[in-house]
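Residue-level listing of the chains:
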Amino acid sequence: MALLLLFIAAKGTWEVLSTDLNEHAAQLVIESMGVLAAAVVALQIAQTITEEEVIRTAHISAPTRVRRFLSRFMVVIVVALAIEGLVATFRASHEGATLLLHAAAMVTAVGVLMGGWGLFIRLNRYAEELEPEAMEDAKQEDEKLKED
């Protein structure tokens, strides 16, 4: 899916390069950026799942594992939503203020996700202190993954 999205973004970019550089071209570039962001999200999620489930054969049960997995996942989602919010803001500035509410909702969602994620990390840290050996196991697996 990520490769298909990359192809679509490349096609949009090629379309921009083959036309006049005007406001419509700017809109196509902005839309291509949004599709490219979605492709990067798909690649990052696939990488996270592959590393955590296949390479490490880790079972997501320890607090350390949950925090690490969700943190990697949330970084990708928050960045993608922030880029989409930016794209929606540019689109609203060109197409009309009625779309600005949608863009504001996306940017607000990014803020809420970041706040919830920070709270999760804070609360999860207390659980990690109860299992220090899980953190050591995770660090050893990281070293093993770097060697391979």
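Values in this document were obtained by computation on a predicted structure and should not be read as measured data.

A. Broad picture of the overall build of the protein. Tallying secondary structure elements over the protein gives five helices and zero strands in all. When the helices and strands of the protein are read in sequence order from the N terminus, they spell out α-α-α-α-α. Counting across all 148 residues of the protein, residues that qualify as buried make up 29%. A separation threshold of at least 6 residues defines the contact pool for the protein, and within that pool the share at least 24 residues apart is 68%. Accessible area of the protein: about 9,600 Å², with a carbon and sulfur share of 68%.

B. Region of the structure containing helix α1 (residues 2-17). Taking 1.5 Å as the rise per residue, α1 with 16 residues should run 22 Å; its terminal C-alpha atoms sit 23 Å apart, in good agreement. Here α1 has its buried residues at A2, A9, G12 and V16. Looking straight down α1, one finds that the buried residues subtend no more than 85 degrees of arc, so they occupy a single side. Turned more than 90 degrees away from the buried face of α1, the exposed residues are L3, F7, K11, W14 and L17.

C. Fine view of the pattern of salt bridges. All told, the structure shown has one salt bridge when counted by the stated rule. Between E31 and R91 there is a salt bridge; the shortest N-O distance is 4.0 Å. Here E31, found in helix α2 (residues 23-55), pairs with R91, found in helix α3 (residues 63-95); they are 60 residues apart in sequence, far enough to count as distant. A residue is classified by how much of its surface remains accessible, and R91, at 26% relative accessible area, is partly exposed.

D. View of the environment of L81. Here L81 is to be found in helix α3. It is 6.3 Å that separates the C-alpha atoms of L81 and V110, two residues lying 29 residues apart in sequence. Contacts of L81, omitting those with residues within four sequence positions, involve M106, V110 and L113.

E. Inspection of the environment of L86 at higher detail. Topologically, L86 is positioned in helix α3. On the basis of relative accessible area, L86 is assigned to the partly exposed category, the value being 41%. Taking the C-alpha atoms as reference points, L86 and M33, separated by 53 residues in sequence, lie 9.9 Å from one another.

F. Structural detail: the side chain of S71. When you line up the elements, S71 lands in helix α3. The buried category is assigned to S71, whose relative accessible area is 13%.

G. Summary view of the confidence of the model for the protein. Looking at the protein as a whole, its pLDDT mean stands at 79, while 78% of the residues score no less than 70. Taken element by element, the protein is modelled with least confidence in helix α5 (residues 132-147), mean pLDDT 64, and with most confidence in α1, mean pLDDT 87.

H. Broad picture of a nonpolar patch on the surface. Residues M1, L4, F7 and I8 make up a contiguous nonpolar surface patch of about 480 Å² in total accessible area. If you trace the backbone, L4 turns up in helix α1. We classify L4 as partly exposed; its relative accessible area is 47%.

Conventions and cut-offs
Residues numbered from 1 in each chain as written. Predicted model: local features only at pLDDT ≥ 70, side-chain atom pairs only at ≥ 80, totals over all residues. Heavy atoms only, no water. Helix = DSSP H or I, 4+ residues; strand = E, 2+ residues; numbered from the N terminus. Buried < 20%, exposed > 50% of the residue type's maximum accessible area, 1.4 Å probe, protein only. Contact = heavy atoms within 4.5 Å. Areas by Shrake-Rupley, 256 points an atom, 1.4 Å probe, with all protein chains shown as cover. Expected span 1.5 Å × (residues − 1). Arc of directions from axis to C-beta. Salt bridge = Lys/Arg side-chain N within 4 Å of Asp/Glu carboxyl O. pLDDT = per-residue confidence, 0-100. Patch = residues over 30% accessible without salt bridge, like charges linked within 9 Å, V, L, I, M, F, W, Y side chains within 5 Å.

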